[in-house]
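Single-letter residue listing:
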Amino acid sequence: MPISRTRFLLLSSCLLMLAGCSSVYKNLKPAEGNVRGIKKFAPDFTNVLYKTEVDVIGGHHLSGLLLIKTLPDKSVRMVFSNEMGFKFFDFEFKPDGGFKVYYIIKQMDKRPVIITLQKDFELVMMRKQNPETGYMRKDDNYLYYVFPQEKGANYYITNKTGTELIRMERSSDRKPVVQAIMHGFHNGIPDTIGISHKNFKFNIGLKRLER
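Residues numbered from 1 in each chain as written. Predicted model: local features only at pLDDT ≥ 70, side-chain atom pairs only at ≥ 80, totals over all residues. Heavy atoms only, no water.

Undergrad: Even after reading the chapter, I still don't get the overall build of the chain, so can you show me in this structure?
TA: Each helix and strand counted, the chain has 2 helices and 13 strands in total. Considering the chain as a whole, with its 211 residues, one finds that 39% of them fall into the buried category. A separation threshold of at least 6 residues defines the contact pool for the chain, and within that pool the share at least 24 residues apart is 41%. Carbon and sulfur atoms form 56% of the exposed surface of the chain, whose accessible area is close to 12500 Å². (Helix = DSSP H or I, 4+ residues; strand = E, 2+ residues; numbered from the N terminus. Buried < 20%, exposed > 50% of the residue type's maximum accessible area, 1.4 Å probe, protein only. Contact = heavy atoms within 4.5 Å. Areas by Shrake-Rupley, 256 points an atom, 1.4 Å probe, with all protein chains shown as cover.)

See below:
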């Protein structure tokens, strides 16, 4: 009797573990369409300034201004500083997928932090999208434009007709690890951008400033 009960408990535990490891995307169905269509939502960061709030682990909070500017060679420069001009970071995203750190404050100068910021902004700028490996899925409410990455995938989720961008997700094989939104597009530039991490506290909020 004790042996049977032990086996039952072990089996139950295994089933629970398997259920917990199932992907939230497993029920998505193949969808028709051109995965390149998501590019119409790519933001046009020609020269834009955002009021920026950043909340990180440990209750730390940063606020300031984020300048995003596209350079003549199509690289995108991104500089985050406080209202007095003290820089927190200065990044460049190159058109060939390269990434350069010109400056970052000592408190943030950690490889995991830098990689996280790089991937977050690449998700929002709709970079790292290979149409040759990308594909489309759907459920009852949304279309999913999926672009596999080295680990997991980037998901761009629209309404069923593909006319409204609902949210963006950077995912592991099982679930979203980052969710982002862009709202209020005017001349290709979103007024509001939000980035939220699911496994730890790291949130970024951007609100466009008129210049």
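Undergrad: Sorry, what's going on with the pairing of strand β2 (residues 47–56) here?
TA: Side-chain positions along a regular strand alternate between the two faces of the sheet. Pairing between β2 and strand β3 (residues 60–70): 10 bridges, direction antiparallel. Along β3, the bridge assignment pairs V54 with L62. (Pairing = 2+ DSSP bridges.)

Undergrad: Honestly, the nonpolar core in this entry has me stumped. Any pointers?
TA: Within soluble globular proteins, side chains that are nonpolar tend to cluster in buried spots. Membership of the largest hydrophobic core comes to 44 residues, with the highest contact counts inside it found for Y50, L66, F89, F121 and M168. A per-element tally of this core places helix α2 (residues 111–125) first, with 6 residues. Ignoring sequence-local partners within four residues, the contact set of F89 consists of L66, M78, V79, F80, Y103, I104, M108, L117 and F121. Core analysis: the next-biggest nonpolar cluster, separate from the first, contains 7 residues, Y25, L28, V146 and I157 among them. (Core = buried A, V, L, I, M, F, W, Y, C linked by side-chain atoms within 4.5 Å.)

Undergrad: I'm lost on the environment of N130 in this one. Help?
TA: Topologically, N130 is positioned in the loop between α2 and β7 (135–138). Taking the relative accessible area as the measure of exposure, N130 reaches 37% and is therefore partly exposed. On a C-alpha basis, the gap between N130 and V35 in space is 9.4 Å, while along the polypeptide they are 95 residues apart.

Undergrad: Is there a simple way to think about α2 in this case?
TA: An α-helical segment advances 3.6 residues per turn. Residues three or four places apart therefore align on the same side. The end-to-end C-alpha distance of α2, which contains 15 residues, comes to 21 Å, matching closely the 21 Å that a straight helix rising 1.5 Å per residue would cover. Turning to α2, its buried residues are I114, T116, L117, Q118, D120, F121, E122, L123, V124 and M125. Once α2 ends, the next one or two residues include M126, with phi positive near 60°. (Expected span 1.5 Å × (residues − 1).)

Undergrad: Is there a simple way to think about the side chain of Q129 in this case?
TA: Among the structural elements, Q129 can be located in the loop between α2 and β7. By relative accessible area, which is 15% here, Q129 ends up buried. Polar contacts involving the side chain of Q129 include one to the side chain of K39, which spans 3.5 Å. Look past the residues within four positions of Q129 in its chain and what remains in contact with it is I38, K39, F147 and Y156. (Polar contact = N/O pair within 3.5 Å; in protein donor to acceptor, adjacent residues only side chain to side chain.)

Undergrad: It is not clear to me how the pattern of salt bridges should be interpreted in this structure. Could you clarify?
TA: Oppositely charged side chains can pair when the atoms bearing their charge come close. Using the criterion set out here, one finds 9 salt bridges in the structure. Ionic pairing is found between D191 and R208, a salt bridge with its closest N-O pair at 3.8 Å. Here D191 is found in strand β12 (residues 189–197), whereas its partner R208 is found in strand β13 (residues 202–209), with 17 residues between them in sequence. Three or more residues joined by partner-sharing salt bridges are found here, namely R77, K87 and D90. (Salt bridge = Lys/Arg side-chain N within 4 Å of Asp/Glu carboxyl O.)

Undergrad: Could you clarify how one ought to interpret the confidence of the model for the chain in this entry?
TA: Any region with low pLDDT has predicted coordinates that should not be read closely. For the chain, the mean per-residue pLDDT works out to 88, and 89% of the residues sit at or above 70. Across residues 6–19, confidence stays below pLDDT 50; counting only partners more than four residues off in sequence or on other chains, it has 0 contacts. (pLDDT = per-residue confidence, 0-100.)

Undergrad: Help me understand a nonpolar patch on the surface, please; the structure alone is not making it clear to me.
TA: A cluster of nonpolar side chains, namely F86, Y102 and Y103, defines an oily patch on the protein surface of about 290 Å² accessible area. Looking at where Y102 falls in the secondary structure, it is placed in strand β6 (residues 99–104). (Patch = residues over 30% accessible without salt bridge, like charges linked within 9 Å, V, L, I, M, F, W, Y side chains within 5 Å.)

Undergrad: Explain the packing of aromatic side chains here, please?
TA: Tallying each qualifying case throughout the model produces 12 aromatic pairs. These aromatic residues form a ring-pair network of at least three members: F80, F86, F88, F89, F91, F93, F99 and F121. Its guanidinium or amino end placed over the ring of Y102, R77 lies 3.8 Å from that ring's centre, counting from NZ or CZ. Sitting over the ring of Y142, R167 keeps its end group 5.7 Å from the ring centre. (Phe/Tyr/Trp six-rings, centres within 6.5 Å; stacked < 30°, edge-to-face > 60°. Lys NZ or Arg CZ within 6 Å of the ring centre and 35° of its normal.)

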